[in-house]
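# An overview of the molecular structure
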Amino acid sequence: MENELQNFNWETKNELKYVSDKSLKIAKYFLEKAQFSIKIDKDNNNIVISNNIMNLCDNLHTEDELLDAIENNNWTLNGETIIRNSCQNFKRKINCSLDHVCVNCKFNKCPKYLAGYMYYLREKGMLEDKLKEREEFRANNIVNDEFTFNLMWDKILMNAPENIYKLAYEMAENDLVYIEKEVNKANCVVIHVRNHCKDFRISGADIKKLPNVGRDKNLWPSIRRNIDSPINICKDYVCALGYCPIIVAAYIYFLKKTGNENKIHACRLYYEENKKEIDIENANKNDKKIEEIKLETSKKAGELEKYRNKIENIDLLIDMVSSKFQNNMHCMIKGSLDDGRTLEFIDDIIKSLNASSKTNNEKPIFQTLQQFASDNTIKKNNESGRIEYFNIKPKQVFVLDGIEEFIEDYNLYKETDSSSYRELRKKQFSHAINLLTSMCDENYIFIVGDESKIEQLLDLNQKIKFIYQNNIFGFSDLTKEELYNEYLKNIRIKLLGELRKNEDAYRKEFFEFISLNEKFLPFKDLELAKYLAEYSNLKNEICFPENIYKKETIAESFEDIVGMESVKRKLKELEKYMLFQAKSKASDLNVSLNNLHMIFTGNPGTGKTTIARIIAKMLYDLGIIKENKLIEVSKKDLVAKYIGQTGPKTAEVIQKALGGVLFIDEAYSITQGKDPFGLEAVATLIKAMEDYKDKLVVIFAGYKDEMLSFLNSNSGISSRIGYTFDFPDYTTDELIEIFNRKMSKMGFNIEPDINIELKKICSYFSGRRNFGNGRFVDKVIQETIIKHSQRDTE
């Protein structure tokens, strides 16, 4: 053993006592078969363990898979060699617990770290004694291989309402909650959960409505509950559920991890037998608590009470302002600092915070995000030349706008070069984002911007999205009825009299205009109503501007397209349905959009990409998607070569396509040969098709037979497809027409008898698998022009 370890004491809490038999068996195997060496990195306080064991982290193998391979004397796991020829290092802090595992690890204890510790004990001559101590301890104590404590929270499960129990069970099943291995100093269990308590107010008890705030468990919020007497309702009642799903989920997690699932069923059997009495008791407790909290919250809400039914998520905002447990706030306000309503709203929030003694009562600091990044976060010390980082004052209120400029500069400076200024700016932005997302500092940050800019900022950085995405407040849009009433207030008396004579017709026309055009106009609410009134006043009659979307859009797009009659007919049907869906809002019909994701089947060169572009423009013009863009990709753009890269690669493409149409050509190739990376890409796409069904349209394209196999590769695909377009091959006459049209557009004069030769050529090649259709015509045109260029004529 290295000399430097002779005087080094490697101590871990509980040592081997709580190591399970499975984990110990794997560690002993590694200790016997693998090569180990240990060094101490004193500067960084790390233990450096060198070994020649396969990479268990990236491959995400399970403990049972590894143990099965060991017991069957297999030297490989899923085709990879377990013990390798070369060694590699990994580090752990000297005081790191044996329970420490990486975020995505499937092991209860890191096999390499445990084997390294046992190697240390063996080299010190301590291993046999430690193993005997373990055996004696486990013989005389009730041992739990997962935790250093035992929980007896049966009453929580016995009394949990059915909807809360179902939500909690799904949370435990889907790894949305976990418990730390040891209790803290206050004898409390530390529970980590993916979602904040306030997220449950938004979702109710429906797990599908819980916002996805990221899988990084290091960012998850936590709560603490006494090991002996957990409570089932928060003092602040932020979730408004009446019974805490987090505690129920944590106990289910505990019972599952410790092999006591029978207790879950026993507790729920008690609930079923006493359901009526338990539900009545829960309801009484809940009603009483609601009244107490409503009364207390109403007193604290102060200036914000007047915004009920006017501001989206106002109840959540009032909870945040009035809660004594919330000593900071990160919010986004939809609006503009040029808008008096928005300024008054922010002022009233600050007044309510002042009344709760949460701020320092100084005037709020109004800045752009760029100023916040440069003036208030990092400055360069002229004497030392070093960059100094500053934290903002406690209890300070910041009101920040200028989102667009901030994003532009952030993207400009995120890649550094030799310029010291660019490096400084990058560090400024990085520190600014840390301040904007810090959950430890007592400060209040309001970022103001319109909805589209807010969405761009959320997509800029994962931490910003995590912290702010559920704290977005703004005035609710005026209903069509309210817009109409505002319109009436602003038109001339003479026009108002004219309108009253045929009000039903004019009212319907007004509603239809709003439904079709509202998303495209540069103003909304009161400004929109005044604009329409001024338009009528100027024209001196009750009339409205032209619709941005015109019915002839699709027909015009078809003018240069040869053939495809069945596709054109189906596309016109789709257009009519989209128009009906848009107009239905005018009559307050709640017609929800079907899945707009599509399948295009057909041979190459049959116009699939062309039609996809037409569909993208139509959906944009109708306000179904936000951007007129078509992102064209194939398998190579979605599927990576190495483990762990396909998911992020596919997700990056999806993010790029959000707001538009994603066109995946030769989609069948993704799953050919049951490629696991391809299947992962499909799974990522399917989730996005559901999560972003209001923001993204996906079109899969390819050969007809192969696309059928693609659909069968995952049942989730076909269930999300709303439309299928079949693109037939062009007939010989259609191919000739395409040739003539393209040549004429280039300015060539075509001799009439050329069609005879064309017919022979097209008839000979058509029908073959790789014929190419329109692409074949392009090739013929190219060959024709090349041949023509060789002639000695003008």
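Above this text is the structure in question.
Residues numbered from 1 in each chain as written. Predicted model: local features only at pLDDT ≥ 70, side-chain atom pairs only at ≥ 80, totals over all residues. Heavy atoms only, no water.

## Digging into the overall build of the protein
Each helix and strand in the protein was counted, giving 33 helices and 20 strands. A separation threshold of at least 6 residues defines the contact pool for the protein, and within that pool the share at least 24 residues apart is 76%. Working note: accessible area of the protein is about 41800 Å², and carbon and sulfur atoms make up 47% of it. (Helix = DSSP H or I, 4+ residues; strand = E, 2+ residues; numbered from the N terminus. Contact = heavy atoms within 4.5 Å. Areas by Shrake-Rupley, 256 points an atom, 1.4 Å probe, with all protein chains shown as cover.)

## Description of the pattern of salt bridges
Summed over all chains, the structure comprises 21 salt bridges. Note that Lys33 and Glu32 form a salt bridge whose closest N and O atoms lie 3.9 Å from each other. Taking relative accessible area as the criterion, Lys33 reaches 35% and is therefore assigned partly exposed. Measuring nitrogen to oxygen at the nearest pair gives 3.9 Å for the salt bridge that ties Lys465 to Asp459. (Salt bridge = Lys/Arg side-chain N within 4 Å of Asp/Glu carboxyl O. Buried < 20%, exposed > 50% of the residue type's maximum accessible area, 1.4 Å probe, protein only.)

## Quick notes on the sheet that holds strand S1 (residues 36-41)
Spatially, the 3 strands line up as an open sheet ordered S1-S2-S5, and their pairing is antiparallel. At either end of the open sheet lies a strand with only one pairing partner, and these are S1 and strand S5 (83-93). Mean inter-strand twist for the sheet, computed between neighbouring axes without regard to direction, equals 20°. In the sheet, strand S2 (residues 46-53) pairs with S5 via 7 bridges, with the strands oriented antiparallel. Bridge pairing in S5 links Ile53 to Ile83. Lying over the sheet, helix H4 (residues 111-123) contacts S1, S2 and S5, oriented at roughly 90° with respect to S1. (Pairing = 2+ DSSP bridges. Axes fitted to C-alpha atoms, helices over the stretch in contact; angles between N-to-C directions.)

## What to know about the environment of Glu71
Among the secondary structure elements, Glu71 is positioned in helix H3 (residues 63-71). A sequence separation of 45 residues divides Glu71 from Ile26, and the C-alpha atoms of the two residues are 9.6 Å apart. Among the polar contacts listed, one links the side chain of Glu71 to the side chain of Lys25, at a separation of 3.0 Å. (Polar contact = N/O pair within 3.5 Å; in protein donor to acceptor, adjacent residues only side chain to side chain.)

## Structural notes on the packing of aromatic side chains
Taken as a whole and judged by the stated rule, the model has 27 aromatic pairs. Consider the rings of Tyr668 and Tyr703, whose centres lie 5.8 Å apart with planes at 40°: the pair is tilted. Of this pair, Tyr668 sits in the loop between strand S18 (661-664) and helix H28 (676-691) while Tyr703 sits in the loop between strand S19 (697-702) and helix H29 (704-712), placing them 35 residues apart in sequence. Judged by its relative accessible area of 10%, Tyr668 falls in the buried class. A residue is classified by how much of its surface remains accessible, and Tyr703, at 11% relative accessible area, is buried. Among the aromatic residues, those joined into a ring-pair cluster are Phe147, Phe149, Trp153, Tyr251, Tyr253 and Phe254. Across from the ring centre of Tyr165, 4.2 Å away, lies the NZ or CZ of Arg268, which sits over that ring. Taking the ring centre of Tyr484 as reference, the NZ or CZ of Arg507 above it sits at 5.9 Å. (Phe/Tyr/Trp six-rings, centres within 6.5 Å; stacked < 30°, edge-to-face > 60°. Lys NZ or Arg CZ within 6 Å of the ring centre and 35° of its normal.)

## Structural notes on the sheet that holds strand S8 (residues 222-226)
Read from one edge to the other, the open sheet built from 3 strands follows the order S6-S7-S8, with strand pairing classed as antiparallel. Of all strands in the sheet, those with a lone pairing partner are strand S6 (177-179) and S8, marking the two edges. Strand after strand, the sheet turns through a mean of 25° between neighbouring axes, direction not considered. In this structure, S6 lies alongside strand S7 (residues 188-193), joined through 3 bridges in antiparallel fashion. Counterpart to Ile179 in the pairing with S7 is Ile191. Contacts from helix H9 (residues 245-257) reach S6, S7 and S8 within the one sheet, and its direction differs from that of S6 by about 65°.

## With respect to the packing of helix H7 (residues 162-173) against H9
For the pair H7 and H9, interaxial distance at closest approach is 8 Å and the crossing angle is 50°. As the angle between them shows, H7 and H9 are arranged oblique. In this structure, H7 meets H9 at a crossing whose hand is right-handed. Here Ile164, Tyr165, Leu167, Ala168, Tyr169, Met171, Ala172 and Glu173 of H7 lie close against H9, whose contacting residues are Pro245, Ile246, Val248, Ala249, Ile252, Tyr253 and Lys256. The class makeup of the residues in the contact of H7 with H9 is 13 nonpolar, no polar and 2 charged. (Parallel < 35°, antiparallel > 145°, perpendicular 65-115°, else oblique. Left-handed = near helix turned anticlockwise from the far one by under 90°. Nonpolar A, V, L, I, M, F, W, Y, C, P; charged D, E, K, R; others polar.)

## Things to note about a negative patch on the surface
Taken together, the side chains of Glu128, Asp129, Glu133, Glu135 and Glu136 present a region of like negative charge at the surface. With respect to the helices and strands, the residue Asp129 is situated in helix H5 (residues 127-140). Classification of Asp129 by relative accessible area gives partly exposed; the value is 48%. (Patch = residues over 30% accessible without salt bridge, like charges linked within 9 Å, V, L, I, M, F, W, Y side chains within 5 Å. Lys, Arg positive; Asp, Glu negative; His and termini not counted. Charge placed at Lys NZ, Arg CZ, Asp CG, Glu CD.)

## Some details on empty space enclosed by the protein
Counted by the stated rule, this structure contains 5 cavities of 30 Å³ or more. Computed from the structure, the largest cavity encloses a volume of approximately 70 Å³. Contributing to the lining of the largest cavity are Gly602, Pro604, Lys608, Asp665, Glu666, Tyr668, Gly702, Tyr703 and Arg775. Residues of the lining of the largest cavity, tallied by class, amount to 3 nonpolar, 2 polar and 4 charged. (1 Å grid on protein atoms, 1.4 Å probe; cavity = no way out; pocket = protein on both sides within 12 Å on 5 of 7 lines; lining within 4 Å. Points joined across faces, edges and corners; volume = space filled by probe spheres on them.)

## Focus: the nonpolar core
Taken as a class, soluble globular proteins show a tendency for nonpolar side chains to be buried jointly. Judged by nonpolar contacts, the single largest core of 43 residues is most densely connected at Phe600, Ile611, Leu619 and Phe725. If sequence neighbours within four positions are ignored, Leu619 has contacts with Met578, Leu596, Ile624, Ile625 and Val697. Counting residues in hydrophobic clusters, the runner-up holds 42 residues, among them Leu67, Ile82, Leu98 and Tyr120. (Core = buried A, V, L, I, M, F, W, Y, C linked by side-chain atoms within 4.5 Å.)

## Topic: helix H21 (residues 503-517)
Spacing of three or four residues puts side chains on the same side of an α-helix, whose turn is 3.6 residues. Compared with an ideal rise of 1.5 Å per residue, which puts 15 residues at 21 Å, H21 spans 21 Å between its outermost C-alpha atoms and is within 8% of the ideal. Taken as a whole, H21 has its buried residues at Tyr506, Phe510, Phe511, Phe513, Ile514, Ser515, Leu516 and Asn517. (Expected span 1.5 Å × (residues − 1).)

## Details of the pairing of strand S14 (residues 443-449)
Buried residues dominate S14, accounting for 7 of its 7 residues. Burial along S14 is two-sided: the face carrying Asn443, Ile445, Ile447 and Gly449 and the face carrying Tyr444, Phe446 and Val448 are both buried. Bridge count between strand S9 (residues 329-334) and S14: 6 bridges; the pairing is parallel. Pairing of Met329 across the sheet is with Tyr444, part of S14. Sheet analysis places strand S13 (residues 396-401) next to S14, joined by 5 bridges and oriented parallel. Following the sheet pairing, Leu400 is matched in S14 by Ile447.

## Some points on the packing of helix H15 (residues 403-413) against helix H17 (residues 451-460)
What describes two packed helices is the angle between their axes and the distance between those same axes. As a packed pair, H15 and H17 sit with axes 9 Å apart at the nearest point and diverge in direction by 30°. Considering the angle they form, H15 stands roughly parallel to H17. When the axes of H15 and H17 are compared, the crossing they make is left-handed. Contacts between H15 and H17 involve Ile403, Glu404, Phe406, Ile407, Tyr410 and Asn411 from the former and Lys453, Ile454, Gln456, Leu457 and Leu460 from the latter. By residue class, the composition of the contact of H15 with H17 is 7 nonpolar, 2 polar and 2 charged.

## Looking at H17
Listing the buried residues of H17 in full gives Lys453, Ile454, Leu457, Leu458 and Leu460. Seen from one end, H17 has its buried residues packed into an arc of 155°, which puts them on one side. Among the structural elements, S9, helix H14 (369-374), H15, S14, helix H18 (462-468) and strand S15 (472-474) are those in contact with the buried residues of H17. (Arc of directions from axis to C-beta.)

## Points about the side chain of Thr342
Here Thr342 lies in helix H13 (residues 340-355). Apart from the residues within four sequence positions on either side, Thr342 is in contact with Ile333, Lys334, Gly335, Ser336, Val448 and Phe475.

## Quick look at unusual backbone geometry
Non-glycine residue Asp175 carries a positive phi angle of around 55°. Within the fold, Asp175 resides in the loop between H7 and S6. In this structure, Asn540 takes a positive phi of about 60° despite not being glycine.

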